[in-house]
Amino acid sequence: MGNRVAREDFEWVYTDQPHADRRKEILAKYPEIKTLMGPDQRLKWIVCMMVAIQFVAFYLVKDLDWKWVLFWTYAFGSCINHSMTLAIHEISHNTAFGNNKAMWNRYFAMFANLPVGLPYSASFKRYHLDHHRYLGGDGIDVDIPTEFEGWFFCTRLRKFVWIILQPLFYAIRPLCINPKPITQLELTNVAFQITFDILLCWLWGAKPVVYMLAGSMLGMGLHPISGHFIAEHYMFLKGHETYSYYGSLNLLTFNVGYHNEHHDFPSIPGRRLPMVRKIAAEYYDDLPQYTSWVKVLYDFIMDDTLSPYSRIKRNVHRK
């Protein structure tokens, strides 16, 4: 468990990300893919159902023994809350109400944020667009680990701890890498969330609040679904910076596993990404892909060639 990884720096490249060129090539060959763009009319109803399920869960756990609160937090609440964060990811691309109703999407994301417990939907939107536009961009893409993460989490045991602490690092990275002025939408997000958290505690006590917050932290840490954090962009194979996953957990995660397809066509809702792969199969079938996020986590920890440094980085200029 004490073996150090071989990498001492990120994988620096001097080429543009592959997604823009592949998008142009695919659209030239298959223009019908444009018909897949636009809002997903089912998304808003699925999100409302998920929020309602968590509200029912808040009520049900309020009288349970603590051991059962913790059990259901990991077994159920963590799955729903992680899935909800990926619903917020979908909404950040305006796939709930469309580009013509951008503010509707922003406030709907705040609604979806409520059972997660931590106000982040407004900030996520701002930084996630940078991730797509400047993938791997030094000092811009906050999905890239910090130098400290790459330097310190360099053994199997430390990588294991790093995965547990993923939510913490995703929260502090923007402040270290690319801090931005706070916006009115972010303040509104915070106000809505804090008000909701206080009301939940006042109505039903501390157990639903623990279920909510711990579920979010556990679901984005050492959890099968959190394998997507590693699977999406960590360089398991030299020269490849985005990977797709085609396993069953896509059913819980709005097809976020179709990640090459998503970066090629970020305006296409997750529900339609399998159609992109089907139409343009020759562009995706031969790309590196995964069938298990659990195996991704295991391999990342146990493979001494992999670490937080295993990311492609590039110098980019803001457009």
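Residues numbered from 1 in each chain as written. Predicted model: local features only at pLDDT ≥ 70, side-chain atom pairs only at ≥ 80, totals over all residues. Heavy atoms only, no water.

As annotated in an unreviewed UniProt entry, the protein carries the name Sphingolipid delta(4)-desaturase DES1 and is attributed to Amphilophus citrinellus. According to UniProt, the comment filed for the protein under the heading Subcellular location (unreviewed entry) is "Endoplasmic reticulum membrane". A UniProt comment under Subunit (unreviewed entry) is attached to the protein, and it reads "Interacts with RLBP1; the interaction increases synthesis of chromophore-precursors by DEGS1." (UniProt positions renumbered as here; feature names shortened; annotations may be inferred.)

Q: Provide a residue-level description of the overall build of the protein, including the pertinent values.
A: If you tally the helices and strands in the protein, you get 15 helices and four strands. The globule rule puts the C-alpha radius of gyration for 319 residues at 20 Å, and the 20 Å found for the protein is close to it. In terms of overall dimensions, the protein has C-alpha extents of about 55 × 50 × 40 Å along its principal axes. A buried classification covers 52% of the 319 residues belonging to the protein. Long-range pairs, those at least 24 residues apart, make up 79% of the contacts in the protein with a sequence separation of at least 6. (Helix = DSSP H or I, 4+ residues; strand = E, 2+ residues; numbered from the N terminus. Rg over C-alpha atoms; globule rule 2.2 N^0.38 Å. Buried < 20%, exposed > 50% of the residue type's maximum accessible area, 1.4 Å probe, protein only. Contact = heavy atoms within 4.5 Å.)

Q: Give a detailed account of the UniProt feature "domain: Sphingolipid delta4-desaturase N-terminal" (unreviewed entry) in the protein, specifying residues and quantitative values.
A: The UniProt record marks residues 5–43 with the feature "domain: Sphingolipid delta4-desaturase N-terminal" (unreviewed entry), using the residue numbering of this structure. What you have in residues 5–43 is 31% helix and 5% strand, and the ends, taken at the C-alpha atoms, are 42 Å apart.

Q: Outline the UniProt feature "transmembrane region" (unreviewed entry) in the protein, listing residues and values.
A: In this numbering, the UniProt entry assigns the feature "transmembrane region" (unreviewed entry) to residues 43–61 and 107–124. The straight-line gap between the two end C-alpha atoms of residues 43–61 is 27 Å; of that span, 100% is helix and 0% is strand. Counted over residues 107–124, helix gives 61% and strand 0%. Its end C-alpha atoms are 13 Å apart.

Q: Describe a nonpolar patch on the surface, with residues and values.
A: Residues Leu157, Phe160, Val161, Ile164, Leu165, Leu168, Ile172 and Leu222 make up a contiguous nonpolar surface patch of about 590 Å² in total accessible area. For the nonpolar patch, the secondary structure elements donating two or more residues are helix H7 (156–164) and helix H8 (166–177). With four residues, H7 is the largest single contributor of residues to the nonpolar patch. By the secondary structure assignment, Ile172 is in helix H8. (Patch = residues over 30% accessible without salt bridge, like charges linked within 9 Å, V, L, I, M, F, W, Y side chains within 5 Å. Areas by Shrake-Rupley, 256 points an atom, 1.4 Å probe, with all protein chains shown as cover. Salt bridge = Lys/Arg side-chain N within 4 Å of Asp/Glu carboxyl O.)

Q: Give a description of the layout of surface pockets that names residues and reports values.
A: Taken as a whole, the largest pocket spans an internal volume of roughly 1100 Å³. Tyr120, Phe124, Tyr170, Ala171 and Pro174 are, among the 36 residues lining the largest pocket, the residues nearest its centre. Elements supplying a minimum of two residues to the lining of the largest pocket: helix H3 (66–92), helix H5 (121–133), H8, helix H9 (184–204) and helix H11 (227–233). Residue composition of the lining of the largest pocket, grouped by class: 22 nonpolar, eight polar and six charged. (1 Å grid on protein atoms, 1.4 Å probe; cavity = no way out; pocket = protein on both sides within 12 Å on 5 of 7 lines; lining within 4 Å. Points joined across faces, edges and corners; volume = space filled by probe spheres on them. Nonpolar A, V, L, I, M, F, W, Y, C, P; charged D, E, K, R; others polar.)

Q: Just give me the short version of unusual backbone geometry, but keep the residues and values in it.
A: Residue Phe254 is not a glycine yet carries a positive backbone phi of 55°. Along the polypeptide, Phe254 turns up in the loop between strand S2 (244–245) and helix H12 (259–264). Residue class for Phe254 comes out buried when judged on its relative accessible area of 16%. Backbone geometry at Asn255 places phi at a positive 60°, although glycine is not the residue there. Looking at the element boundaries, Asn255 is found in the loop between S2 and H12. Residue Asn255 is classed as buried on the basis of its relative accessible area, which comes to 13%.

Q: How would you sum up the pattern of salt bridges? Please name residues and give values.
A: Using the criterion set out here, one finds 15 salt bridges in the structure. For Arg22, the salt bridge identified is with Asp264, shortest N-O distance 2.7 Å. One end of the pair, Arg22, is in helix H1 (residues 19–29); the other, Asp264, is in helix H12, with 242 residues separating them in the sequence. Using a relative accessible area of 13% as the deciding quantity, one classes Arg22 as buried. Its relative accessible area of 0% is what places Asp264 among the buried residues. For Lys29, the salt bridge identified is with Glu282, shortest N-O distance 2.9 Å.

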